[in-house]
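In case you want the letters, here they are:
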Amino acid sequence: PTPATHTAAYEKLDQKANEKKATINGIQHLTKEERDAAINKVEAALRDAKSKVDAATNQTGVEQAKQNGLTAIDSVDNPTPATHTAAYEKLDQKA
């Protein structure tokens, strides 16, 4: 694979990770910890995907590593505002 092949794969992976992070950052009522935990999972999937792209020895391997990485990043679950929801439930119980 050429350096351009790796660069193109990195760009697609970075784009997907940035889209996923934007989605996570757009979820209302998440605590900083909930948001950070989800973003850390996205970043871990991105690092793993890039290392597999680096390890690929041919064009097919780079493409496969890129596709697997895109799937892994997309598969990170969007967090739910558990802390916020739990607080509302406690308030409702008291009311």
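Above this note sits the structure.
To start, this report covers the structure provided alongside it. (Residues numbered from 1 in each chain as written. Predicted model: local features only at pLDDT ≥ 70, side-chain atom pairs only at ≥ 80, totals over all residues. Heavy atoms only, no water.)

1. Notes on the side chain of Lys-21
Moving on, step 1. Take Lys-21: it is sitting in helix H1 (residues 3-25).
Moving on, step 2. By relative accessible area, which is 19% here, Lys-21 ends up buried.
Moving on, step 3. Looking at Lys-21, its side chain comes within polar contact range of the side chain of Glu-43, at 3.3 Å.
Moving on, step 4. The contacts of Lys-21, once residues within four sequence positions are left out, are Ile-39, Val-42 and Glu-43. (Helix = DSSP H or I, 4+ residues; strand = E, 2+ residues; numbered from the N terminus. Buried < 20%, exposed > 50% of the residue type's maximum accessible area, 1.4 Å probe, protein only. Polar contact = N/O pair within 3.5 Å; in protein donor to acceptor, adjacent residues only side chain to side chain. Contact = heavy atoms within 4.5 Å.)

2. Some remarks on the pattern of salt bridges
Oppositely charged side chains may form a pair once their charged atoms are brought near each other.
Moving on, step 1. The full count for this structure, using the stated rule, is 6 salt bridges.
Moving on, step 2. A salt bridge links Lys-66 to Glu-63, with the shortest nitrogen-to-oxygen separation between them at 3.3 Å. On the criterion of helical spacing, the pair formed by Lys-66 and Glu-63 is a turn pair, its members being 3 residues apart in helix H3 (residues 59-74).
Moving on, step 3. For Lys-66, a relative accessible area of 13% corresponds to the buried category.
Moving on, step 4. Given the relative accessible area of 36%, Glu-63 is considered partly exposed. (Salt bridge = Lys/Arg side-chain N within 4 Å of Asp/Glu carboxyl O.)

3. Remarks on unusual backbone geometry
Moving on, step 1. The phi torsion at His-29 lies on the positive side, around 70°, for a residue other than glycine.
Moving on, step 2. On the secondary structure map, His-29 appears in the loop between H1 and helix H2 (32-55).

4. Comments concerning H2
Moving on, step 1. In a regular helix each residue adds 1.5 Å, so 24 residues correspond to 34 Å; H2 covers 34 Å between its end C-alpha atoms and thus fits that length.
Moving on, step 2. Within H2, burial applies to Glu-34, Arg-35, Ala-38, Ile-39, Val-42, Ala-45, Leu-46, Ala-49 and Val-53. (Expected span 1.5 Å × (residues − 1).)

5. Observations concerning the environment of Glu-43
Moving on, step 1. Assignment of secondary structure puts Glu-43 in helix H2.
Moving on, step 2. Since its relative accessible area comes to 27%, Glu-43 is described here as partly exposed.

6. As for H1
Moving on, step 1. For H1, which comprises 23 residues, the first-to-last C-alpha distance of 32 Å matches the rise-based estimate of 33 Å (1.5 Å per residue) to within 8%.
Moving on, step 2. Restricting attention to buried positions, one finds in H1 the residues Thr-5, His-6, Ala-9, Leu-13, Ala-17, Lys-20, Lys-21 and Ile-24.
Moving on, step 3. Turning to H1, the residues buried within the fold contact H2 and H3.

7. Considerations on the packing of H1 against H3
Moving on, step 1. At a closest axis distance of 9 Å, the pairing of H1 and H3 adopts a crossing angle of 5°. It follows that H1 is roughly parallel to H3 by the angle criterion. Contacts from Thr-5, His-6, Ala-9, Lys-12, Leu-13, Lys-16, Ala-17 and Lys-20 in H1 reach Gln-59, Val-62, Lys-66, Gly-69, Leu-70, Ile-73 and Asp-74 in H3.
Moving on, step 2. When the residues that make up the contact of H1 with H3 are grouped by side-chain class, the tally is 6 nonpolar, 4 polar and 5 charged. (Axes fitted to C-alpha atoms, helices over the stretch in contact; angles between N-to-C directions. Parallel < 35°, antiparallel > 145°, perpendicular 65-115°, else oblique. Nonpolar A, V, L, I, M, F, W, Y, C, P; charged D, E, K, R; others polar.)

These results come straight from atomic positions and should not be treated as a statement about function.
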